[in-house]
Amino acid sequence: MGRITLEGVKKSFGAHDIIKGADLEIADGSFVVFVGPSGCGKTTLLRLIAGLEDVTGGRILIDGADVTAVPPAKRGLSMVFQSYALYPHMSVRGNIAFGLKMAGRPREEIARKVEGAAAILNLTPYLDRKPRELSGGQRQRVAIGRAIVREPKAFLFDEPLSNLDAALRVQMRLEVTRLQRQLDTTAIYVTHDQVEAMTMADRIVVLNAGRIEQYGTPLELYEHPANLFVAGFIGSPKMNFVGGRTAAALDATTIGVRPEHVAVNPGGADGATGLDWVGTVSVAEHLGSDTFLYVEVPEIGTITARGAGELGIKAGDSVRLRPDAARIHRFDANGNTISA
Amino acid sequence: MATQQTQTLGRMLLAPAVVLLLIWMIVPLAMTIYFSLLSYNLLNPGMERFVGLENFEYFLTDPAFLASLRNTLVLVGSVLVITIVLGVLVALLLDQAIVGRSIVRLMVIAPFFVMPTVSALVWKNLLMHPVSGLFAWIMSSLGMQPIDWFAEYPLFSIILIVAWQWLPFAALILLTALQSLDEEQKEAALMDGAGAFSTFFYITLPHLARPITVVILIETIFLLTVFAEIFVTTGGGPGLQTTNIAFLIYSQALIQYDVGSASAGGLVAVVIANILAFFLVRIVGRNLEA
């Protein structure tokens, strides 16, 4: 079991408010990702849940029990740190066993659980090595092993993949997701990488400047962003935002359309939406599977468009762009989405 | 060093320093060996003659030698234990965020800047003096009999003074090591349910193993040659109770004017230091390997 509830959780360092009141309900067994730009408070929020920081206000509940004043070890959570924080002088076995040893479990139980965790994580051949003799990915797995062996109510991951190279990161991303499904334990995962967030999460919490901007499934966030910030943060390349007269024509202060929803040189008559833009390509990125065009449209600005496959368009070409009318997001003066 | 060329260059650049160091060491050592084989007393100048290993025989069979060897080992061992145990505790305290931390640190480090002679005089005359000392005043204000430190506990008094001088060194090195301990490791231990004592014994102390080794090695080198403190306070006495090897050699050379015997003693001290260093490196030097 691992249902985690935050009720108006606040955190300030001196006069500086880091978390400005977070309310959140994390269901048992779900994989929740905290995502946001650096300094948005996502790591602080995780540390508050872990108990490594004291809350300034509000309550934290685990399975309905108030743990706000409970010390970290008693909360039944385990954490994987960004630096892994392995104990350098202990073997892999010692590292994984440490939590159980501190809990005063019998020796044979510890041995059995450590072997079990090592088997799940393919660490069995390395049990007697020291952390410094392991590769980055193996250290990462030891850190995860240390977390799972205690059979916690929830795992807390603090940007655990940020120190790995790109290929290993993709692989570990899969492994972590698979492991979480297998163990069916609640997981909270902090990252600044929206691709990690989109691929791993059951639900995503988008944080900005100490506020929860939106909480929902990855596709909800993608298709129905609550406001300008979420719209701009989720999706790559970024959503195009257009203001001024174009937006006013649609009764909005700003409109947004994702690059993949902008058709390049569409056929048919001009102005099915009355929104066709003509501009000059300033940069064309050819990825093979996709083409990204950065188009300078007079009076509107740079519009990014994404076409599937190779479009055969190069910089300097003049193109006509047509946003998909059904996929236009409208925002009011406060940046909130105007529901259709 | 990657290439043949950089290796050769490295050796050539090192050569002058190595040669100079070698001369610096070899010449005095050779002279000591030469003197140790002579019957050479400053009271009878011009009467030097070759006596083989007789000086060594006299020095090693002298009852003062064993007593001073014992005193040396007790002194070195006790000071090491005191400075490291207290040093770890002081370092742990200084690592806490307290008000006026930088001033407290400065005061803790201060004894290290005091010359051994001066600190020995301060301890002898201001603190431990049986009549006018601070300790005596405290004892008598409590209605107790003041202790005549250098008469009743001479070696312990020396140990106290030397430990006081070396505590800052140990504390300082251990403090810098503590500050390099990864904060996330402590937090991981906290999440793993380790209390203050478990964190200290399982995380902090192993982290300090290497700096403790450094402190032991460096302090041993200097503590084997403690001299000023003894010279200023007890003069090796009462009897031989505070005579260590260094002081014994001094008394051979400059009290009995026996240069030959003193040189032999000096060589014995070199051998003892090497034996000690050998075992120390064997026992604790492992920690220095990466």
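Just so it is clear, the structure is predicted and the values come from calculations on it, not from any experiment.

## Details of the overall build of chain A
And then number 1: When its secondary structure is counted, chain A shows 9 helices and 18 strands.
And then number 2: Oriented by its inertia axes, the alpha-carbon framework of chain A measures out at about 75 × 45 × 30 Å.
And then number 3: In chain A, which comprises 340 residues, the share counted as buried stands at 50%.
And then number 4: If you take every contact in chain A between residues at least 6 apart in sequence, the share linking residues at least 24 apart comes to 63%.
And then number 5: With an accessible surface of roughly 14900 Å², chain A has 50% of that area assigned to carbon and sulfur atoms.
And then number 6: Once the 38 positive and 38 negative side-chain charges of chain A are each reduced to a mean point, those two points are 7 Å apart.

## Structural notes on the pattern of salt bridges
All names here are of chain A.
And then number 1: Evaluation of the coordinates by the stated rule reveals 18 salt bridges over all chains.
And then number 2: Note that R3 is salt-bridged to E25, the shortest N-O span being 3.7 Å. Of this pair, R3 sits in the segment before β1 (4-13) while E25 sits in strand β2 (residues 16-26), placing them 22 residues apart in sequence.

## Side note on the side chain of S119(B)
All names here are of chain B.
And then number 1: On the secondary structure map, S119 appears in helix α5 (residues 116-127).
And then number 2: Among the residues examined, S119 registers a relative accessible area of 1% and is labelled buried.
And then number 3: If we skip the residues at most four places from it in the chain, S119 touches V114, I161, W164 and Q165.

## Concerning the sheet that holds strand β6 (residues 77-80) of chain A
All names here are of chain A.
And then number 1: The strand order β6-β7-β8-β3-β9-β10 describes an open sheet built from 6 strands, whose pairing is mixed. The two strands at the open ends of the sheet, each matched to only one other strand, are β6 and β10 (211-216). Averaged over all neighbouring strand pairs, the angle between strand axes comes to 20°, with direction disregarded.
And then number 2: With 5 bridges joining them, strand β7 (residues 154-158) and strand β8 (residues 186-191) adopt parallel strand pairing. Residue pairing in the sheet places L156 in a bridge with I188 of β8.

## Re the pairing of β8(A)
All names here are of chain A.
And then number 1: Counting buried positions along β8 gives 6 out of 6 residues, so the element sits mostly inside the fold.
And then number 2: Here β8 shows a buried face lined by T186, I188 and V190 and a second buried face lined by A187, Y189 and T191.
And then number 3: Where strand β3 (residues 31-35) and β8 come together, 5 bridges link them in parallel fashion. When the sheet's bridge partners are listed, F31 is paired in β8 with A187.
And then number 4: Taking the sense of rotation as the criterion, the β-α-β connection linking β7, helix α5 (residues 166-183) and β8 turns out right-handed.

## Here's the deal with the interface of chain B and chain A
And then number 1: With 16 residues of chain B at the interface, the matching set in chain A holds 26 residues.
And then number 2: Roughly 1700 Å² is buried in total at the junction of chain B and chain A, and carbon and sulfur atoms are behind 62% of that figure.
And then number 3: At the surface where chain B touches chain A, the tally comes to 2 salt bridges.
And then number 4: For D192(B), the salt bridge goes to R150(A), with nearest N and O atoms at 3.8 Å.

## Focus: the confidence of the model for chain A
And then number 1: Put simply, chain A has an average pLDDT of 87, and 97% of its residues get 70 or more.
And then number 2: Taking the mean pLDDT of every element in chain A, the minimum, 82, falls on helix α9 (residues 244-248) of chain A and the maximum, 92, on β3(A).

## Quick word on a nonpolar patch on the surface
All names here are of chain B.
And then number 1: Together, L134, W137, I138, L142 and M144 line one region of the surface with nonpolar side chains, adding up to about 530 Å² of accessible area.
And then number 2: Along the chain, M144 falls in the loop between α6 (134-141) and α7 (149-152).
And then number 3: Taking relative accessible area as the criterion, M144 reaches 43% and is therefore assigned partly exposed.

## Description of the domain arrangement of chain A
Residue and element names in this part refer to chain A.
And then number 1: On domain assignment, one finds that chain A holds domain 1 (4-233) and domain 2 (240-331).
And then number 2: Here domain 1 and domain 2 have C-alpha centroids that lie 39 Å from each other.
And then number 3: Counting residues at the interface gives 8 residues for domain 1 and 7 residues for domain 2.
And then number 4: In total, domain 1 and domain 2 occlude about 660 Å² of area from one another, counting both sides; carbon and sulfur atoms represent 60% of this.
And then number 5: There are 0 salt bridges connecting domain 1 and domain 2.
And then number 6: Run the count over domain 1 and domain 2 and you get 2 residue pairs in polar contact (both at pLDDT 80 or more).
And then number 7: Within the side of domain 1 that touches domain 2, the residues separate by chemical class into 5 nonpolar, 2 polar and 1 charged.

## Remarks on the confidence of the model for chain B
And then number 1: On average, residues of chain B score 84 in pLDDT, and 98% of them are at 70 or above.
And then number 2: Model confidence for the complex: the whole-complex pTM is 0.77, and ipTM, which rates the interface, is 0.78.

## A closer look at the sheet that holds β2(A)
Residue and element names in this part refer to chain A.
And then number 1: Strand order in the open sheet formed by 4 strands is β2-β1-β4-β5, with antiparallel pairing between adjacent strands. Each edge of the open sheet carries a strand with a single partner, namely β2 and β5 (65-66).
And then number 2: In this sheet, β5 lies alongside strand β4 (residues 57-62) in antiparallel orientation, the contact comprising 2 bridges. Paired with L61 across the strands is D66, a residue of β5.
And then number 3: Packing against the sheet, helix α1 (residues 42-50) makes contact with β1, β2 and β4, and its axis sits at approximately 115° to β1.

## Remarks on the environment of F112(B)
All names here are of chain B.
And then number 1: Among the secondary structure elements, F112 is positioned in the loop between α4 (101-109) and α5.
And then number 2: F112 sits 137 residues away from I249 along the chain, and the two C-alpha atoms are 26 Å apart.
And then number 3: Look past the residues within four positions of F112 in its chain and what remains in contact with it is Q165, W166, P168 and F169.

## Re the packing of aromatic side chains
Residues and elements named next belong to chain A.
And then number 1: All chains considered together, the criterion is met by 22 aromatic pairs over all chains.
And then number 2: Each ring, one from F157 and one from Y189, has its centre 5.5 Å from the other, and the planes form 45°; the classification is tilted. With F157 in strand β7 and Y189 in strand β8, the pair connects residues that are 32 residues apart, well separated along the chain.
And then number 3: When the ring of F229 is compared with that of F233, the centres are 5.6 Å apart and the planes differ by 15°; the resulting orientation is stacked.

Cut-offs and rules
Residues numbered from 1 in each chain as written. Chains lettered and ligands numbered in written order. Predicted model: local features only at pLDDT ≥ 70, side-chain atom pairs only at ≥ 80, totals over all residues. Heavy atoms only, no water. Helix = DSSP H or I, 4+ residues; strand = E, 2+ residues; numbered from the N terminus. Buried < 20%, exposed > 50% of the residue type's maximum accessible area, 1.4 Å probe, protein only. Contact = heavy atoms within 4.5 Å. Areas by Shrake-Rupley, 256 points an atom, 1.4 Å probe, with all protein chains shown as cover. Lys, Arg positive; Asp, Glu negative; His and termini not counted. Charge placed at Lys NZ, Arg CZ, Asp CG, Glu CD. Salt bridge = Lys/Arg side-chain N within 4 Å of Asp/Glu carboxyl O. Pairing = 2+ DSSP bridges. Axes fitted to C-alpha atoms, helices over the stretch in contact; angles between N-to-C directions. Right-handed = clockwise from strand over helix to strand, strands pointing away. Buried area = accessible area lost by both parts, 1.4 Å probe. pLDDT = per-residue confidence, 0-100. Patch = residues over 30% accessible without salt bridge, like charges linked within 9 Å, V, L, I, M, F, W, Y side chains within 5 Å. Domains from an automatic or database assignment. Polar contact = N/O pair within 3.5 Å; in protein donor to acceptor, adjacent residues only side chain to side chain. Nonpolar A, V, L, I, M, F, W, Y, C, P; charged D, E, K, R; others polar. Phe/Tyr/Trp six-rings, centres within 6.5 Å; stacked < 30°, edge-to-face > 60°.

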